[in-house]
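Chain by chain, the residues:
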Amino acid sequence: MNILVLNAGSSSIKYSLFDMADQSVLLTGIIERIGESLAVHRYRLADEQPNSAEKIINNHQQALQDLFCVLSATGAGQPACIGHRVVHGGEFFREPALITADVTQQIASVIPLAPLHNPANLLGIQEALRLMGDIPQVAVFDTAFHHSLPDYAYRYALPNTLYKDQGVRRYGFHGTSHHYVAKQAAQFLGKALTALNMITLHLGNGASITAIENGRSIDTSMGMTPLEGLMMGTRCGDIDPALHFYLSRTLGLSLDEIENLLNKSSGCKGICGENDMRGIHRMAESGDETARLALAMYAYRIKKYIGAYVAVLGRIDALVFTGGIGENDAWLRQQCCAGLSVLGIVIDSEQNLAANRPCARISPADSPVQVLVIGTQEELEIAIQAQACIQQQVSG
Ligand code: ADP
């Protein structure tokens, strides 16, 4: 069975086609700058050179038409199912959902909670239904893995009505990635996921950390939106909420300006003007003091969360690094774990430098906490969950 995974953003669509018989990638691609004067469609078939074409693509409908042309031209054919990444599932969705009119409506009703992400995800779904409504389509939610958070972890200390009437609570994100690497870690360690406590760190452009108890997420650093928690490439992470009033009163910033500031010009970018971790390292190596500070803050905040989540879990079997930074940045992994031997967390420097995907241990083998580096595969996890969802429907 071939499954197409779509990740629709406001001006881009990323996609991957999997052969689920062996979970291999048949085709990956991205269509960017949709709606601009010239869009670009890049794709790559397994074992072939990448292709790239600039063309006029005015909207998501035309983008998907172009993608389906590539599917037939390459002989990949029509997929048996489409899995859609949806960022926010609110309280409706605790697991993947076969897309129906009701499901589309519920995803639309969550838009106020995720105005920066859900509208584009929904547009991708609507256009795919229009073009390929005859094949089953499944929505897979970034929030779903965190549905197991207890109320004392997901509630904010705010008036009850804000939770009951407006859905104001912590939801958590990157769930597909945290779930995937937790399952891979269990496999690597030869233990059942349900028998393991672990802390998973997804460090990419966005970053989050999750406390997993017996295979279930019980706390995570992102909140009602992906802005809360760790310091990120351009997002501030945890901050004093009173800052908003201060910025409004002293600088006269509007809510939109504050939202933009905290999401797009803060985090590493705010501190040193660069959000790409490789660039930050280059700056620090050439003596840039702001880059040194950004790296120190980034690692310090992760370390604080690790300490908090060890306290929450009581015992941890594994600490897992993933995401572009978690998988590649040995220096940062070392910094985050430095001085944590008291918690059983120790890194072997040589193994840390040599760590290779898809899965590597970077702690001594007999260490009480197995520190692992695992390559995340969010698209594959979406395909796996979409397949399980349609098989469940068939078996009734
Ligand atoms: P996204 O969250 O958009 O999926 P990624 O998971 O690909 O992003 O992570 C992007 C981040 O990973 C960038 O900050 C990039 O600099 C960082 N990164 C990629 N390769 C390396 C590397 N070799 N060393 C340090 N950071 C890296």
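The model shown is predicted, which means the values in this text are computed figures rather than measured ones.

**A few points about the layout of surface pockets**
The method is simple in principle: a probe with the dimensions of a water molecule rolls over the atoms, and the space it marks as empty is what remains. Within this model, the second largest pocket holds a volume of roughly 1,100 Å³. Along the walls of the second largest pocket sit 30 residues, with Met 224, Thr 225, Leu 227, His 244 and Leu 262 positioned nearest its centre. At the level of secondary structure, the elements contributing two or more residues to the lining of the second largest pocket comprise helix 7 (243-251) and helix 8 (255-264). With six residues, the single largest contributor to the lining of the second largest pocket is helix 8. Partitioning the lining of the second largest pocket into residue classes produces 19 nonpolar, six polar and five charged.

**With respect to the nonpolar core**
Grouped burial of nonpolar side chains is what soluble globular proteins tend to show. Membership of the largest hydrophobic core comes to 45 residues, with the highest contact counts inside it found for Leu 203, Tyr 298, Ile 306 and Leu 319. Those elements that place two or more of their residues in this core are strand 9 (198-203), strand 10 (207-213), helix 9 (267-272), helix 10 (277-285), helix 11 (289-313), strand 12 (318-322), helix 13 (330-337) and strand 14 (370-374). In terms of residue count, the dominant contributor to this core is helix 11 (11 residues). In this structure Leu 203 touches Leu 230, Tyr 298, Ile 302, Phe 321, Thr 322, Gly 323, Gly 324, Ile 325, Gly 326 and Leu 332, once residues within four positions along its chain are discounted.

**Some details on the site of the ligand**
In the neighbourhood of the ligand, the contacting residues comprise Gly 204, Asn 205, Gly 206, Asn 275, Asp 276, Met 277, Arg 278, Gly 323, Gly 324, Ile 325, Asn 328 and Asp 329. Between the ligand and Met 277 there is a distance of 3.0 Å, counted from an oxygen atom to a backbone nitrogen or oxygen. Ile 325 places a polar main-chain atom, nitrogen or oxygen, 3.4 Å from an oxygen atom of the ligand. Of all the elements in the fold, those that place two or more residues in the shell around the ligand are helix 10 and helix 12 (323-328). Residue contributions to the shell around the ligand peak at four residues, all from helix 12. Looking at the shell around the ligand residue by residue, the class counts come to two nonpolar, seven polar and three charged.

**A word on the packing of helix 11 against helix 13**
Two numbers describe how helix 11 lies on helix 13: the axes approach to 8 Å, and their chain directions differ by 50°. Compared by their axis directions, helix 11 and helix 13 come out oblique. Crossing angle aside, the handedness with which helix 11 passes helix 13 is right-handed. Judged by residue contacts, Leu 295, Tyr 298, Ala 299, Ile 302, Lys 303 and Ile 306 of helix 11 engage Trp 331, Leu 332, Gln 335 and Cys 336 from helix 13. The residue makeup of the contact of helix 11 with helix 13, split by class, is eight nonpolar, one polar and one charged.

**Describing empty space enclosed by the protein**
For the structure shown, the criterion picks out two cavities of 30 Å³ or more. Empty space within the largest cavity amounts to approximately 100 Å³. Around the largest cavity, the lining residues are Gly 90, Glu 91, Phe 93, Arg 94, Thr 143, Ala 144, His 146, His 147, Arg 169 and Tyr 171. A class-by-class count of the residues in the lining of the largest cavity yields three nonpolar, four polar and three charged. Here the second largest cavity defines a volume of roughly 30 Å³. The set of elements that each furnish at least two residues to the lining of the second largest cavity consists of strand 1 (2-8), strand 6 (81-86) and helix 3 (118-132). Sorting elements by how many residues they give to the lining of the second largest cavity places helix 3 first, with three residues. Among the residues forming the lining of the second largest cavity, the class breakdown is three nonpolar, three polar and one charged.

**So, the pattern of salt bridges**
Scanning all chains against the criterion turns up 12 salt bridges. Salt-bridge contacts for Arg 33 lead to Glu 54; the nearest nitrogen and oxygen are separated by 3.3 Å. Taken together, the positions of Arg 33 in the loop between strand 3 (24-32) and strand 4 (39-45) and Glu 54 in strand 5 (residues 51-55) put the pair 21 residues apart, joining distant regions of the chain. Overall, the relative accessible area of 35% leaves Arg 33 in the partly exposed class. With its nearest N and O atoms 3.2 Å apart, the salt bridge here joins Asp 219 to Arg 170.

**So, the packing of helix 2 (residues 101-109) against helix 3**
At their nearest, the axes of helix 2 and helix 3 sit 9 Å apart, and the two run at 160° to each other. Viewed along their axes, helix 2 and helix 3 adopt a mutual orientation that is roughly antiparallel. Two packed elements cross with a definite hand, and for helix 2 against helix 3 that hand is left-handed. On helix 3, the residues that touch Thr 104, Ile 107 and Ala 108 of helix 2 are Asn 118, Leu 122, Ile 125 and Gln 126.

Calculation notes
- Residues numbered from 1 in each chain as written.
- Predicted model: local features only at pLDDT ≥ 70, side-chain atom pairs only at ≥ 80, totals over all residues.
- Heavy atoms only, no water.
- 1 Å grid on protein atoms, 1.4 Å probe; cavity = no way out; pocket = protein on both sides within 12 Å on 5 of 7 lines; lining within 4 Å.
- Points joined across faces, edges and corners; volume = space filled by probe spheres on them.
- Helix = DSSP H or I, 4+ residues; strand = E, 2+ residues; numbered from the N terminus.
- Nonpolar A, V, L, I, M, F, W, Y, C, P; charged D, E, K, R; others polar.
- Core = buried A, V, L, I, M, F, W, Y, C linked by side-chain atoms within 4.5 Å.
- Buried < 20%, exposed > 50% of the residue type's maximum accessible area, 1.4 Å probe, protein only.
- Contact = heavy atoms within 4.5 Å.
- Near = heavy atom within 4 Å.
- Polar contact = N/O pair within 3.5 Å; in protein donor to acceptor, adjacent residues only side chain to side chain.
- Axes fitted to C-alpha atoms, helices over the stretch in contact; angles between N-to-C directions.
- Parallel < 35°, antiparallel > 145°, perpendicular 65-115°, else oblique.
- Left-handed = near helix turned anticlockwise from the far one by under 90°.
- Salt bridge = Lys/Arg side-chain N within 4 Å of Asp/Glu carboxyl O.

All we've got here are geometric facts, nothing functional implied.
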